[in-house]
Amino acid sequence: MTTEMQEIAITEEKPLLTGQAESKDVELAARILLHQGQEHSIETPHGVLHVTLHGTRTTRRPAILTFHDAGLDSKSCFSPLFKFEEMQEIVKNFTVIHVDAPGQEEGAAAYPSGYQYPTMDIIADMLPSVLQFFNFRTVIGVGVGVGAYILSKFALANPDSVEGLVLVNIDTNARGWIDWAAQKLVSVTSSLTEQIMSHLFSQEELSATTELVKFHRERISKASNLVNIELFWKTYNSRRDLNIDRNSTFKCPVMLVVGDQAPYEEAAVECNSKMDPTTTSFLKMADAGGLPQLTQPAKLTEAFKYFIQGMGYMASSCMTRLSRSRTTSLSSSYSMDGSRSRSRTLSQGSQGGQMPPSSSQTMEVSC
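Residues numbered from 1 in each chain as written. Predicted model: local features only at pLDDT ≥ 70, side-chain atom pairs only at ≥ 80, totals over all residues. Heavy atoms only, no water.

Remarks on the overall build of the chain
Working step 1: The helix and strand tally for the chain stands at 14 helices and 11 strands.
Working step 2: Across the 367 residues in the chain, those meeting the buried criterion constitute 50%.
Working step 3: Long-range pairs, those at least 24 residues apart, make up 73% of the contacts in the chain with a sequence separation of at least 6.
Working step 4: When the accessible surface of the chain is summed, it comes to about 17500 Å², and 51% of that surface belongs to carbon and sulfur atoms. (Helix = DSSP H or I, 4+ residues; strand = E, 2+ residues; numbered from the N terminus. Buried < 20%, exposed > 50% of the residue type's maximum accessible area, 1.4 Å probe, protein only. Contact = heavy atoms within 4.5 Å. Areas by Shrake-Rupley, 256 points an atom, 1.4 Å probe, with all protein chains shown as cover.)

A word on the pairing of strand E3 (residues 63-67)
Working step 1: Extensive coverage of E3 is indicated by the burial of five of its five residues.
Working step 2: On E3, burial covers both faces: Ala 63, Leu 65 and Phe 67 on one face and Ile 64 and Thr 66 on the other are all buried.
Working step 3: Both E3 and strand E5 (residues 139-144) contribute to a ladder of five bridges, which runs parallel. Its bridge partner lying in E5, Ala 63 is registered against Val 139.
Working step 4: As paired elements, E3 and strand E4 (residues 96-100) share four bridges and run parallel to each other. Its bridge partner being in E4, Phe 67 is matched across the sheet by Val 99. (Pairing = 2+ DSSP bridges.)

A closer look at the pattern of salt bridges
Working step 1: Taken as a whole, this structure holds 11 salt bridges when the rule is applied.
Working step 2: For the salt bridge of Glu 89 with Lys 305, the shortest nitrogen-to-oxygen distance reads 3.0 Å. Residue Glu 89 is found in helix H3 (residues 88-91), and its partner Lys 305 is found in helix H13 (residues 297-310); the two are separated by 216 residues along the sequence.
Working step 3: Looking at Lys 305, the relative accessible area reads 1%, which means it is buried.
Working step 4: Residues Arg 217 and Glu 194 are paired through a salt bridge, measuring 2.8 Å at the closest nitrogen-oxygen approach. A residue pair is termed long-range when its members are at least 10 positions apart, and Arg 217 in helix H9 (residues 211-221) and Glu 194 in helix H7 (residues 192-200) qualify at 23 residues.
Working step 5: What makes Glu 194 partly exposed here is its relative accessible area of 28%.
Working step 6: The network of salt bridges with shared partners includes Asp 121, Lys 153 and Arg 240. (Salt bridge = Lys/Arg side-chain N within 4 Å of Asp/Glu carboxyl O.)

Re the packing of helix H4 (residues 120-134) against helix H5 (residues 146-157)
Between two packed helices, what matters for the description is the angle formed by their axes and the separation of those axes.
Working step 1: Relative to each other, H4 and H5 sit at 70°, their axes nearing to 8 Å. Regarding the angle of H4 to H5, the classification is roughly perpendicular. H5 is crossed by H4, and the crossing has right-handed handedness. The segment H4 lies against H5, with Met 120, Asp 121, Ile 123, Ala 124, Leu 127, Pro 128 and Leu 131 engaging Val 146, Tyr 149, Ile 150, Leu 151, Lys 153 and Phe 154.
Working step 2: For the contact of H4 with H5, the per-class residue count stands at 11 nonpolar, no polar and two charged. (Axes fitted to C-alpha atoms, helices over the stretch in contact; angles between N-to-C directions. Parallel < 35°, antiparallel > 145°, perpendicular 65-115°, else oblique. Left-handed = near helix turned anticlockwise from the far one by under 90°. Nonpolar A, V, L, I, M, F, W, Y, C, P; charged D, E, K, R; others polar.)

Re H13
Working step 1: In this model, H13 (14 residues) spans 20 Å end to end at C-alpha, consistent with the 20 Å of a helix rising 1.5 Å per residue.
Working step 2: Most of H13 is tucked away: 11 of the 14 residues are buried.
Working step 3: Among the residues making up H13, those that are buried are Pro 297, Leu 300, Thr 301, Glu 302, Ala 303, Phe 304, Lys 305, Tyr 306, Phe 307, Ile 308 and Gln 309.
Working step 4: Trailing H13 by a residue or two, Gly 312 shows a phi angle of about 90°, which is positive. (Expected span 1.5 Å × (residues − 1).)

A look at the pairing of strand E8 (residues 280-285)
Working step 1: With five of six residues buried, E8 lies mostly within the body of the structure.
Working step 2: Pairing of strand E7 (residues 254-259) with E8 involves six bridges; the strand directions are parallel. Considered in E8, the bridge of Val 257 is made with Leu 283.
Working step 3: Handedness of the E7-helix H11 (residues 265-274)-E8 crossover: right-handed. (Right-handed = clockwise from strand over helix to strand, strands pointing away.)

Quick word on the environment of Pro 80
Working step 1: Positionally, Pro 80 belongs in helix H2 (residues 74-82).
Working step 2: Sequence separation between Pro 80 and Leu 294 is 214 residues, and the spatial gap between their C-alpha atoms is 6.0 Å.
Working step 3: In this view, Pro 80 contacts Lys 75, Leu 294 and Pro 297; residues no more than four positions away in its chain are not counted.

What about the nonpolar core?
Working step 1: Within the largest apolar cluster, 90 residues are counted, with the highest numbers of intra-cluster contacts made by Phe 67, Ile 97, Ile 150, Leu 165, Phe 232, Phe 250 and Phe 304.
Working step 2: Per-element tally for this core: the top contributor is H4, with eight residues. (Core = buried A, V, L, I, M, F, W, Y, C linked by side-chain atoms within 4.5 Å.)

So, the side chain of Ser 76
Working step 1: Mapped onto the elements of the fold, Ser 76 is located in helix H2.
Working step 2: With residues near it in sequence (within four places) discarded, Ser 76 still touches His 216, Arg 219 and Leu 294.

Examining the side chain of His 50
Working step 1: On the secondary structure map, His 50 appears in strand E2 (residues 47-54).
Working step 2: Here the side chain of His 50 touches Glu 39 through a polar contact of 3.1 Å, side chain to side chain.
Working step 3: Here Asp 100 takes part through its side chain, which lies 2.8 Å from a polar atom of the side chain of His 50.
Working step 4: Sequence-distant contacts of His 50, defined by excluding residues within four places in its chain, comprise Glu 39, His 40, His 98, Val 99, Asp 100 and Glu 105. (Polar contact = N/O pair within 3.5 Å; in protein donor to acceptor, adjacent residues only side chain to side chain.)

Written out as structure tokens, the structure is:
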């Protein structure tokens, strides 16, 4: 369903020629679409996906395709990041496609009792239809939690369609028997809302009861599609192992991101150890908690900028004010056959704003 265009009124002190007025209308309309986005319901072989598109739909570059975490939708997961001031330098150069998992979009109707929710594999198989609908050949994927897992499945199955991946709070492993038993116990003793909150936030954040925690706890508990959220959550907990290792991994550059106190910090570190060190960067963010895209959008925007620059899509001279105004210390550790040797610290500010070369190492950035 396409978002209705807002009526635009233009008041000029000096009269405009007809052509000038029309040009103003088009420019303002484009700004509204960039801010609000166009909503679409896309038919796939496995059901309908709700998608919101921002930008001009130019196919000269890959689209940035996002996928949200459990308990969130595309708006609550990504709006603070993609509306962040410094991110606009990136957004204006790319089309952004926000994908909502089935039934997870805001205001979605609740599924009936007994509804068979699609598996993680099936949801990943729905994404090629999104690319075909908008006529994009390739994408740069940005996924958080469950969304990171789904985009990983998509990239492994469709390597030619993915030019890069940013995976926040990724867990590539299936739940073992101990994890399964623990989850069963938690499901009996804790409400669905609290289960998801423990997935999204660190224990420190939950104990501190921050405003962000309060907001999302209330939003999830009062969601009209809570039954859909539960189905999505249960499906994720039944996921299969991605079976990633140095010899069987992604064919594109990958940036792994995790907060230093996030629930999935250990899982992200383990994933990093399995990745190809020549194409992987690992960003561990201090004071970021469980959702760094919400709590540290400035740092994540800067890292994303470097990532895209490394892919050759943005000139290194186009630095954000954030990058120009501060010096960040990049700690890189060489990784050979899983072992780590000495580390060195490089000053980002003295390198002209460019990431150090990583032809034979896994970059580990702490900021």
